[in-house]
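# Coordinate analysis (summary)
Listed here are the chains, written in short residue letters.
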Amino acid sequence: MSNPIATITELEQHLAAGLRALSELKAHLLTDTPSATEDGLKRNDGRMSEAGIAALYAEFAQSELTNTQIAHKFDISLSGVKQRRRMWRKGQ
């Protein structure tokens, strides 16, 4: 029979490594996404396109990102995200 303390310590190390990997993946996903203009989420004048608004609303529904993280991801202002989130909530 193996030492239970050693087994617990080994499990803790595996969990810590897994958490580090998840954290790195999250950071990668937040910073290495294409810009909103490249994806056609913004019009030429810089405002959100219909597809951009739909993507933003889908993000609100499916994600637990903060307003700041969403603003960064979609390359829009924080106040713009807050305004769109209010509009999205009213439409629910």
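Scroll up to find the structure this text is about.
Cut-offs applied
Residue positions are given per chain, counting from 1 as you read along its sequence in written order. For a predicted model such as this one, the threshold for reporting local features is a pLDDT of at least 70, and the threshold for listing and counting side-chain atom pairs is 80 or more; totals across whole chains, interfaces and linings nevertheless cover every residue. Hydrogens are left out, water is left out, and the side-chain values use all remaining heavy atoms of the structure. Two rings belonging to Phe, Tyr or Trp (six-membered ring only in the last case) form a pair when the distance between their centres is within 6.5 Å. Interplanar angles under 30 degrees mark stacking, angles over 60 mark edge-to-face geometry, and anything in between is tilted. The numbering of helices and of strands both runs from the N terminus, where a helix is a DSSP run of H or I of at least 4 residues and a strand a run of E of at least 2. As a rule, the C-alpha atoms of each element are fitted with a line to give its axis, helices using only the stretch in contact, and angles between N-to-C directions run from 0 to 180 degrees. The cut-offs work like this: below 35 degrees is roughly parallel, past 145 is roughly antiparallel, 65 to 115 is roughly perpendicular, and the gaps in between are oblique. Handedness of a crossing is defined here by the sense of rotation of the near helix relative to the far one, left-handed for an anticlockwise turn of less than a right angle and right-handed for a clockwise turn. Contacts: residue pairs with any heavy atoms within 4.5 Å of one another. The residue classification treats Ala, Val, Leu, Ile, Met, Phe, Trp, Tyr, Cys and Pro as nonpolar and Asp, Glu, Lys and Arg as charged. All others, Gly included, are polar.

### Some words on the packing of aromatic side chains
The geometry of two aromatic rings is summed up by the distance between their centres and the angle between their planes. Applying the stated criterion across every chain, the model contains two aromatic pairs. Judged by centre distance (5.5 Å) and plane angle (50°), the ring pair of Phe60 and Trp88 falls under tilted. One end of the pair, Phe60, is in helix α2 (residues 50-62); the other, Trp88, is in helix α4 (residues 78-90), with 28 residues separating them in the sequence. Among the aromatic side chains, those forming a connected cluster through ring pairs are Tyr57, Phe60 and Trp88.

### Focus: the packing of helix α3 (residues 67-74) against α4
One way to put it is that α3 packs onto α4 with a least axis distance of 8 Å and a crossing angle of 110°. Here α3 lies roughly perpendicular to α4, going by the angle between them. In this structure, the crossing between α3 and α4 has a hand that is right-handed. Facing Asn67, Thr68, Ile70 and Ala71 of α3, the residues of α4 in contact are Leu78, Val81, Lys82 and Arg85. A breakdown of the residues in the contact of α3 with α4 according to their chemical character gives four nonpolar, two polar and two charged.

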